Amino acid sequence: QDVTDRKEAQERNATILETAMDGFWLIDMTGRILEVNDALSRMTGYSREELVGMHLRNLEAAESPEDVAEHIRRIMTAGEDRFETRHRRRDGQVIDVDVSVRYMGKPAELLFGFARDITRRKRAETLLRQSEERFRVLLESLTDYICSVKVRDGRVVETIHSPGCLAVTGFAPEEYQADSSLWLRMVHEEDRPAVLDLASRLLAGESASPLEHRIMHKEGETRWVRNTPVLRHDESGRFIGYEGLIQDITGQRKLQEQLSQAQKMEAVGQLAGGVAHDFRNQLTVVKGYGEMLVRRQLVKDEAKGYVEQILKAADR
């Protein structure tokens, strides 16, 4: 027989396996490794000679030997499988791998698979989840809250209120989601024009300074909030929305009002003190001249009583 084509195909397949970035193995039904490529050797830290003849369960770090055997039986039944697991390298380090396996039916009854090292990806996913969890906990622990607005073609397409809105406004995120006009209705009637003007400028992609205004809490109480807007743009610089940090400043406003009242009272006190000082100077003149009249006996007897009354009034 002329087997030239078959030999060339085998050589091409061998070349592909050797240049592949993913590790390759061929195992029998018991899990014994029959063939590997260099990529699997580099991935596991074992030489090809050490890997050939080794059992797959010796690499497996996530499944027990019984689990490996059962997994092989399931693959033979299904014909193929793709899953994530963990392998133990020669140096003891455990790596995450993505495995794709196919069963070669009779008469070969072998399984071949490709394994890709996804340790970095899994680590990045873990870090991302941890970061998202920290961010979620931070948002939920804030007494302020963030309102995120997505804008397209000058129109609001999505608004998300963080859980902190419940503490500030009394309304839950679900209530804002169900009623798109709730955010405006809760604004104090006298402050709505200023809030609408701010929203209009933000929708146009214009930067805006923080705005302080009143809202009606769900329980009926009037509160002051400060809305600090921050514009968002995509990678190309296109305006896509904005975030608003909503802070409850009711306590600050009360302190400011108390401070303002105290400053007014201080000013009134200073004014009163100045007036009293000036008035005392005038009374000192009145009293001084009255006493001189009495001491120098310049007042007739019938007028002395009047002068004495003037002096008593000045003393008082």
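Residues numbered from 1 in each chain as written. Predicted model: local features only at pLDDT ≥ 70, side-chain atom pairs only at ≥ 80, totals over all residues. Heavy atoms only, no water.

Trainee: So what exactly am I meant to see when it comes to the pairing of strand S9 (residues 222–233) here?
Mentor: Sheet faces and side chains relate simply in a regular strand, where the side chains alternate between the two faces. Note: strand S8 (residues 211–216) against S9, six bridges, orientation antiparallel. Among the inter-strand pairings, Met216 is bridged to a residue of S9, identified as Thr222. As defined by bridge partners, S9 adjoins strand S10 (residues 239–248) across nine bridges and the pair is classed as antiparallel. Each residue of the ladder has a partner; that of His233, found in S10, is Phe239. Adjacent in sequence and paired antiparallel, S9 and S10 are bridged by five residues, among which Gly237 carries a positive phi angle near 90°. (Pairing = 2+ DSSP bridges. Helix = DSSP H or I, 4+ residues; strand = E, 2+ residues; numbered from the N terminus.)

Trainee: Is there a simple way to explain unusual backbone geometry in this structure?
Mentor: Backbone phi values are negative for most residues with the exception of glycine, while trans is the configuration of most peptide bonds. Here the residue pair Lys106 and Pro107 is connected by a cis peptide bond, since its omega of 5° sits within 30 degrees of zero. In this structure, Pro107 sits in the loop between strand S4 (94–104) and strand S5 (110–117). Its identity as a non-glycine residue notwithstanding, Glu109 has a phi of 50°, on the positive side. Within the element layout of this structure, Glu109 appears in the loop between S4 and S5. One non-glycine residue, Asp153, adopts positive backbone phi at about 55°. Considering the arrangement of structural elements, one finds Asp153 in the loop between strand S6 (145–152) and strand S7 (155–161).

Trainee: Please clarify how empty space enclosed by the protein should be interpreted in this entry.
Mentor: Empty space left among the atoms is revealed by rolling a probe the size of a water molecule over them. Enumeration according to the criterion identifies one cavity of 30 Å³ or more in this entry. Breaking the lining of the largest cavity down by element, the ones donating at least two residues are strand S1 (23–27), helix H4 (65–78), strand S3 (80–88) and S4. No other element matches the four residues that H4 contributes to the lining of the largest cavity. Considered class by class, the residues forming the lining of the largest cavity number 10 nonpolar, three polar and two charged. (1 Å grid on protein atoms, 1.4 Å probe; cavity = no way out; pocket = protein on both sides within 12 Å on 5 of 7 lines; lining within 4 Å. Points joined across faces, edges and corners; volume = space filled by probe spheres on them. Nonpolar A, V, L, I, M, F, W, Y, C, P; charged D, E, K, R; others polar.)

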